[in-house]
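Topology and contacts: notes
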Amino acid sequence: YFSVLGVVVLDIGLLLLVWFIAMIVATAFWTLGEYISNGGHISPNAEPGAMAQLLISLLSLYFAVLVLSFWRTGKLHFPSTQMTPKKMALLGMGAGAFLFLLTLVITNALEYADLGSKPSNQALLQDFSKQWPIAVVLFTVVLAPIFEELLFRKLLFARLAQANYLVTAYLLSGLLFALMHEPSPTGGIADWLLKLLIYGFMGAVF
C-alpha cells in the first residue's frame, strides 16, 4: 500500500516541479516580450498583471499535467468493462445531472440559512467574462475539464484503482480536486471546510 501511495506522492511532486520550472520559463518569456515591446527598456520592478499571472500559472500547470500524463501514465489502463458505450454515456450524463441538481439544492439551502458564499475563483471568472466571454466559456467548459480528467482521474485515480485501492483513490483524488478549487480558507475555516466537502464529493463522483 505504502509503495503505491509513494508513487502517487512522487507523481504529485514531479507535477509541482514541472509546474515550477514551466512558470519560470513562462515568466522569462513574458519579461522578454515586455523588453521587446518597450524598445529594449523594462522597469526593474515590472511584474505581470493579474491576467498575465493567471495565464502564466494556468498554462504552466496544464503543460505540467500534459508532461506527467504522457510520462507517467503510459501503462495505466483500467480492465475492460462489461458496460456498453450507451450505458456508459447514460451513466455519465446521469451523474452530471445529479451533481447539477445537488449543487443547486445545496447552494439554495446555504443561502436560505445565510451560510452561502461564492467560490474563490467565481469573482475572478466573472470579471474576465466581461472582457473575454468566449475565452472564459472555452476554458470552463472545455479546457479545464480535459486537464482535470488527465490529472485527477487518469494520473491519480487510475494508479490507485489499478492497485485495487479504490477507497484511497476516491478520497485522495476528491481531496486534491477540492484543494485545487479552494486552496486556502479565504472565507474562514468553517466556510473552507464546507467547500472542500462539496468539491471533494463532486471530484469523487466525476
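The notes below deal with the structure included here. The numbering scheme is per chain: residues are counted from 1 as the chain's sequence reads. The predicted origin of the model limits local features to residues at a pLDDT of at least 70 and limits the giving and counting of side-chain atom pairs to 80 or more, whereas totals for whole chains, interfaces and linings rest on all residues. Think of the side-chain values as coming from all heavy atoms in the structure, minus any hydrogens and water.

If you check helix α7 (residues 189-205), its first and last C-alpha atoms are 24 Å apart, about what 17 residues at 1.5 Å a residue would give, namely 24 Å. Taken together, the buried positions of α7 are D191, W192, K195, L196, Y199, G200, M202 and G203. Down the axis, α7 shows its buried residues gathered within 160 degrees of arc, on one side only. Among the exposed residues of α7, those pointing more than 90 degrees away from its buried face are A190 and L197. Here a helix means four or more residues in a row that DSSP labels H or I, a strand means two or more in a row labelled E, and each is numbered from the N terminus. Given a helix with a known number of residues, its expected span is that number minus one, times 1.5 Å. Here's how the labels work: a residue is buried when its accessible area is under 20% of the maximum for its type, exposed when over 50%, partly exposed in between, all with a 1.4 Å probe on protein chains only. Note that the arc is defined by the directions from the helix axis to the C-beta atoms.

Attention shifts here to the pattern of salt bridges. Definition used for salt bridges: Asp or Glu carboxyl oxygen within 4 Å of a side-chain nitrogen of Lys or Arg. On inspection of all chains with the given rule, the structure shows 4 salt bridges. Residue D11 is joined to R159 by a salt bridge in which the shortest nitrogen-to-oxygen separation is 2.7 Å. Of the two residues, D11 is situated in helix α1 (residues 2-37) and R159 in helix α5 (residues 133-162); the sequence distance between them amounts to 148 residues. We classify D11 as buried; its relative accessible area is 1%. Of the charged contacts in the structure, one is a salt bridge between D191 and K195, with a shortest N-O distance of 3.2 Å. Residue D191 and its partner K195 are both found in helix α7; the two are separated by 4 residues, about one turn of the helix. The two residues D191 and K195 agree in class, both being buried.

Our focus in this paragraph is the nonpolar core. We define a nonpolar core as any set of buried Ala, Val, Leu, Ile, Met, Phe, Trp, Tyr and Cys residues linked to one another through side-chain atoms lying within 4.5 Å. Core analysis: the largest hydrophobic core is formed by 30 residues, its most contacted members being L15, V65, L68, L151 and L160. Among the elements of the structure, α1, α2 (50-72), α5, α6 (166-181) and α7 are those that each provide at least two residues to this core. With 10 residues, the single largest contributor to this core is α5. For this analysis, residues touch if any pair of their heavy atoms sits within 4.5 Å. Excluding its chain neighbours within four sequence positions, the residues that come into contact with L151 are L15, V65, L156 and M180.

Orientation of α1 relative to α2, taken along the N-to-C sense of each, is 135 degrees, at an axis distance of 8 Å. In terms of orientation, α1 and α2 fall into the oblique class. Here α1 runs over α2; the crossing is right-handed. Residues V7, L10, D11, L14, L15, V18, W19, A22, M23, A26, T27 and W30 of α1 form the contact with α2, whose own contacting residues are A52, I56, S57, S60, L61, F63, A64, V65, V67, L68, W71 and R72. Gly is placed with the polar residues, together with every amino acid not listed as nonpolar (Ala, Val, Leu, Ile, Met, Phe, Trp, Tyr, Cys and Pro) or charged (Asp, Glu, Lys and Arg). Split by residue class, the contact of α1 with α2 holds 19 nonpolar, 3 polar and 2 charged. In this analysis, axes come from line fits to C-alpha atoms, helices being fitted only over the stretch in contact, and the angle between any two N-to-C directions falls in the range 0 to 180 degrees. Each angle is binned into one of four classes, with values under 35 degrees roughly parallel, values over 145 roughly antiparallel, values of 65 to 115 roughly perpendicular, and all other values oblique. With the far helix as reference, a near helix turned anticlockwise by less than a right angle produces a left-handed crossing, and one turned clockwise produces a right-handed crossing.

This part takes up the layout of surface pockets. Empty space among the atoms can be located by rolling a probe the size of a water molecule over them. We place a 1 Å grid over just the protein atoms. Points where a 1.4 Å probe fits but has no way out form a cavity, open points with protein on both sides within 12 Å along at least 5 of 7 lines form a pocket, and any residue with an atom within 4 Å of a point lines it. Grid points are joined across faces, edges and corners, and a volume is the space filled by probe spheres set on the points. Considering only enclosed or pocket space, the largest pocket measures out at about 1,600 Å³ in volume. Every residue lining the largest pocket is counted, 46 residues in all, and those nearest its centre are P119, N121, L125, H181 and Y199. A breakdown of the residues in the lining of the largest pocket according to their chemical character gives 28 nonpolar, 11 polar and 7 charged.

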